[in-house]
Amino acid sequence: MTPTAAADAAARPRAARRLLTGFFAGLGVVMAVWGARMPAVQAAAHLGPGQLAVVLLAAAAGMVAGLQIGGRLSQRHGPARLLTGPAMVFGLSLAALGQCRTLTSLSAVAVAFGLSHGLLDVGVNAAAVQCQHGYGRSIISGLHAAYSLGALTGAGLAAVTTWVSHQAVFAAVGAGLALTAAAAGPKTKHIQALDQSHSSAEHASNSPRATGLGRTTMWLLGSLAAACLLAEGAATDWAAVHLRHLGASESAAASAYALYSAAMAAGRLLGDRLTARYGAITVVRAGALLASAGLGASLITDSAPAALAGWMALGLGLSTAVPSLITAAGRGGPRAVGTVAATGYIGLLAGPAAIGALASILTLPTALVLPVALAAVVAATARRALES
């Protein structure tokens, strides 16, 4: 290899990492803006709770389909082709959602929104695994941190633009993502080159490219991802309600999810260093134990300050789990990444509803034992799931 070619090969992972950081951050911004301005969408279309649930279900169905289709396409053609196009559709569908005024139109566009989200999610995670191979060390936690920081940015943007119509906000954010993705399109060649380089290296070493994990291992990884994302859904939908249940002020209750998100972002920023030093199994097990013990202790203490600390412990403790599970799934190729991600999102989608059902039968603090118990399960089974 000539010095120029060697320098170009060394630069590819760095260029791919910068590009993927932008895609992860864009995902976080869009999802946060969509979630934060949901009441405005509901009011503009005059939707009742049941009708809004139909729209959310349409987006969820589209996303699950996108994850499954994306896994197959990425396995066959490489993840680079699932970045620019899906990101543009994702942004444009957000802008279109702002213009919808009926249940039918919202549901139809929500399917496109969810489908493009699923395709893009597989693309960025499969590409992140390849980029990590190029580096030869853990970087995926930092990329997921970009998503968390993007979500914090999107939430802040939604909070300071409440005086602006959601149509304008959705149009600006969506168009911004679409234009940025289009401009970055030519740079996806770095990710495509990483895929080709990785394939060539495996072929040269007579090592067949993995086409799948063992079925048991893949479903274990997916189940643990679902457990972690159930906890994330619990924080998103129930953290503020939990604080209000304990008598906290509205401002204190509203800060619960922000503190959870900030703790998760901080943990992911440190996650790659910790993983490189101690190994993924140790870091995930210790973090899951912290999450379970922290939120569990706060439920026993039954005070607002303890609850805030408990939600922070949950975010910090589970911050490295999903990136490590995606890395492990990457051993089976992009299709395995899509399957694990799709299984994981079942926890995110169904978890808040399950907690609500338990709370209606028992009490909310008792129902929140569910994410505590699942974090303990993650700690107990991390070794079996993550060891290669």
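All of these numbers come straight from a predicted model, not from anything done at the bench.

Description of the overall build of the protein chain
Line of reasoning, step 1. The secondary structure content of the protein chain amounts to 16 helices and 0 strands.
Line of reasoning, step 2. Taking 21 Å as the expected radius of gyration for a compact globule of 388 residues, we find that the protein chain reaches 20 Å, a close match to that expectation.
Line of reasoning, step 3. C-alpha atoms of the protein chain, sized along the principal axes, occupy 65 × 45 × 35 Å.
Line of reasoning, step 4. Looking at the protein chain as a whole, 52% of its 388 residues are labelled buried.
Line of reasoning, step 5. In the protein chain, 85% of the contacts between residues at least 6 apart in sequence involve partners at least 24 apart.

A short note on empty space enclosed by the protein
Line of reasoning, step 1. Counted under the stated rule, the structure contains 1 cavity of 30 Å³ or more.
Line of reasoning, step 2. Considering only enclosed or pocket space, the largest cavity measures out at about 40 Å³ in volume.
Line of reasoning, step 3. Surrounding the largest cavity, Cys228, Leu229, Glu232, Tyr260, Met264, Arg268, Leu318 and Val322 form its lining.
Line of reasoning, step 4. Going through the elements one at a time, α9 (215-245) and α10 (250-278) are the ones with two or more residues in the lining of the largest cavity.
Line of reasoning, step 5. Classifying every residue of the lining of the largest cavity gives 6 nonpolar, no polar and 2 charged.

Focus: the layout of surface pockets
Line of reasoning, step 1. Each pocket or cavity is described by its volume, and for the second largest pocket that value is around 340 Å³.
Line of reasoning, step 2. Lining of the second largest pocket is provided by 21 residues; of these, Gln132, Ala280, Thr327, Ala328 and Arg331 occupy positions nearest its centre.
Line of reasoning, step 3. Going through the elements one at a time, α5 (103-135), α6 (140-160), α10, α11 (280-301) and α13 (321-329) are the ones with two or more residues in the lining of the second largest pocket.
Line of reasoning, step 4. If you tally residues by element for the lining of the second largest pocket, the top one is α13, at 4 residues.
Line of reasoning, step 5. Split by residue class, the lining of the second largest pocket holds 7 nonpolar, 10 polar and 4 charged.

As for the packing of α11 against helix α12 (residues 304-317)
Line of reasoning, step 1. At their nearest, the axes of α11 and α12 sit 7 Å apart, and the two run at 165° to each other. By the criterion of interaxial angle, the relationship of α11 to α12 is roughly antiparallel. Relative to α12, α11 is oriented so that their crossing is left-handed. Here Gly287, Ala288, Leu290, Ala291, Gly294, Leu295, Ser298 and Thr301 of α11 come into contact with α12, specifically with Ala306, Ala307, Gly310, Trp311, Ala313, Leu314, Leu316 and Gly317.

Quick notes on the confidence of the model for the protein chain
Line of reasoning, step 1. Mean pLDDT over the protein chain stands at 87; residues scoring 70 or higher make up 92%.
Line of reasoning, step 2. Here residues 3-8 is modelled with pLDDT under 50, and outside its nearest four sequence neighbours on either side it reaches 1 contact, counting other chains as well.
Line of reasoning, step 3. This stretch, residues 199-211, has a pLDDT under 50; its non-local contacts, to residues over four places away or in other chains, come to 12 contacts.

Re helix α16 (residues 369-386)
Line of reasoning, step 1. Taking 1.5 Å per residue as the helical rise, α16 with its 18 residues ought to reach 26 Å, and the 25 Å between its terminal C-alpha atoms agrees with that figure.
Line of reasoning, step 2. Along its length, α16 reaches its greatest deviation from straightness, about 45°, at alanine 380.
Line of reasoning, step 3. For α16, every residue scored as buried is listed here: Pro371, Val372, Ala375, Val378, Ala379, Ala382, Ala385 and Leu386.
Line of reasoning, step 4. Buried residues along α16 sit against α9, α11, α13, α14 (334-361) and α15 (364-367).

Digging into the packing of α6 against α13
For any two helices packed against each other, the geometry is given by the interaxial angle and the distance between the axes.
Line of reasoning, step 1. Where α6 meets α13, the closest approach of the two axes is 9 Å, and the angle between their N-to-C directions is 130°. As far as their axial angle goes, α13 and α6 are oblique. At the point where α6 passes α13, the crossing takes the right-handed sense. Across the interface between the two elements, Ile140, Ser141 and His144 of α6 pack against Val322, Pro323, Ile326 and Thr327 of α13.
Line of reasoning, step 2. By residue class, the composition of the contact of α6 with α13 is 4 nonpolar, 3 polar and no charged.

Concerning the environment of serine 319
Line of reasoning, step 1. Tracing the backbone shows serine 319 in the loop between α12 and α13.
Line of reasoning, step 2. In sequence terms serine 319 and cysteine 228 are 91 residues apart; their C-alpha atoms lie 9.1 Å from each other.
Line of reasoning, step 3. What serine 319 contacts, discounting residues up to four positions off in sequence, is Met264, Gly267 and Arg268.
Line of reasoning, step 4. At 2.7 Å, the side chain of serine 319 forms a polar contact with the backbone oxygen of leucine 316.

Re the nonpolar core
Line of reasoning, step 1. Among the nonpolar cores identified, the biggest contains 108 residues, and Leu20, Leu221, Leu243 and Trp311 are the most heavily contacted of them.
Line of reasoning, step 2. No other element matches the 15 residues that α9 contributes to this core.
Line of reasoning, step 3. When residues no more than four places from it in sequence are discounted, the contact partners of leucine 243 are Ala248, Ala252, Ala253, Ala256, Ala304, Ala307, Leu308 and Trp311.

Examining a nonpolar patch on the surface
Line of reasoning, step 1. There is a patch of nonpolar side chains on the surface, built from Ile69, Leu73 and Leu115 and spanning about 210 Å² of accessible area.
Line of reasoning, step 2. Here isoleucine 69 is to be found in helix α3 (residues 49-77).

Description of the packing of aromatic side chains
The geometry of two aromatic rings is summed up by the distance between their centres and the angle between their planes.
Line of reasoning, step 1. Taken as a whole and assessed by the stated rule, the structure comprises 4 aromatic pairs.
Line of reasoning, step 2. Considering the side-chain rings of tryptophan 34 and phenylalanine 113, the 5.5 Å spacing of their centres and the 55° angle between planes classify their relative orientation as tilted. Highlighted residues: tryptophan 34 in helix α1 (residues 3-36) and phenylalanine 113 in helix α5, separated in sequence by 79 residues.
Line of reasoning, step 3. Both rings, one in tryptophan 34 and one in phenylalanine 170, keep their centres 6.1 Å apart while their planes meet at 50°; by these two values the pair is tilted. On the criterion of sequence distance, the pair formed by tryptophan 34 in helix α1 and phenylalanine 170 in helix α7 (residues 166-184) is long-range, its members being 136 residues apart.
Line of reasoning, step 4. On the basis of relative accessible area, phenylalanine 170 is assigned to the buried category, the value being 0%.
Line of reasoning, step 5. Counting every residue linked through ring pairs, the aromatic cluster contains Trp34, Phe90, Phe113 and Phe170.
Line of reasoning, step 6. The ring of tyrosine 135 carries arginine 17 above its face, with NZ or CZ at 5.2 Å from the centroid.

Basis of the calculations
Residues numbered from 1 in each chain as written. Predicted model: local features only at pLDDT ≥ 70, side-chain atom pairs only at ≥ 80, totals over all residues. Heavy atoms only, no water. Helix = DSSP H or I, 4+ residues; strand = E, 2+ residues; numbered from the N terminus. Rg over C-alpha atoms; globule rule 2.2 N^0.38 Å. Buried < 20%, exposed > 50% of the residue type's maximum accessible area, 1.4 Å probe, protein only. Contact = heavy atoms within 4.5 Å. 1 Å grid on protein atoms, 1.4 Å probe; cavity = no way out; pocket = protein on both sides within 12 Å on 5 of 7 lines; lining within 4 Å. Points joined across faces, edges and corners; volume = space filled by probe spheres on them. Nonpolar A, V, L, I, M, F, W, Y, C, P; charged D, E, K, R; others polar. Axes fitted to C-alpha atoms, helices over the stretch in contact; angles between N-to-C directions. Parallel < 35°, antiparallel > 145°, perpendicular 65-115°, else oblique. Left-handed = near helix turned anticlockwise from the far one by under 90°. pLDDT = per-residue confidence, 0-100. Expected span 1.5 Å × (residues − 1). Bend = angle between axes of the 7 residues up to and from the residue. Polar contact = N/O pair within 3.5 Å; in protein donor to acceptor, adjacent residues only side chain to side chain. Core = buried A, V, L, I, M, F, W, Y, C linked by side-chain atoms within 4.5 Å. Patch = residues over 30% accessible without salt bridge, like charges linked within 9 Å, V, L, I, M, F, W, Y side chains within 5 Å. Areas by Shrake-Rupley, 256 points an atom, 1.4 Å probe, with all protein chains shown as cover. Salt bridge = Lys/Arg side-chain N within 4 Å of Asp/Glu carboxyl O. Phe/Tyr/Trp six-rings, centres within 6.5 Å; stacked < 30°, edge-to-face > 60°. Lys NZ or Arg CZ within 6 Å of the ring centre and 35° of its normal.

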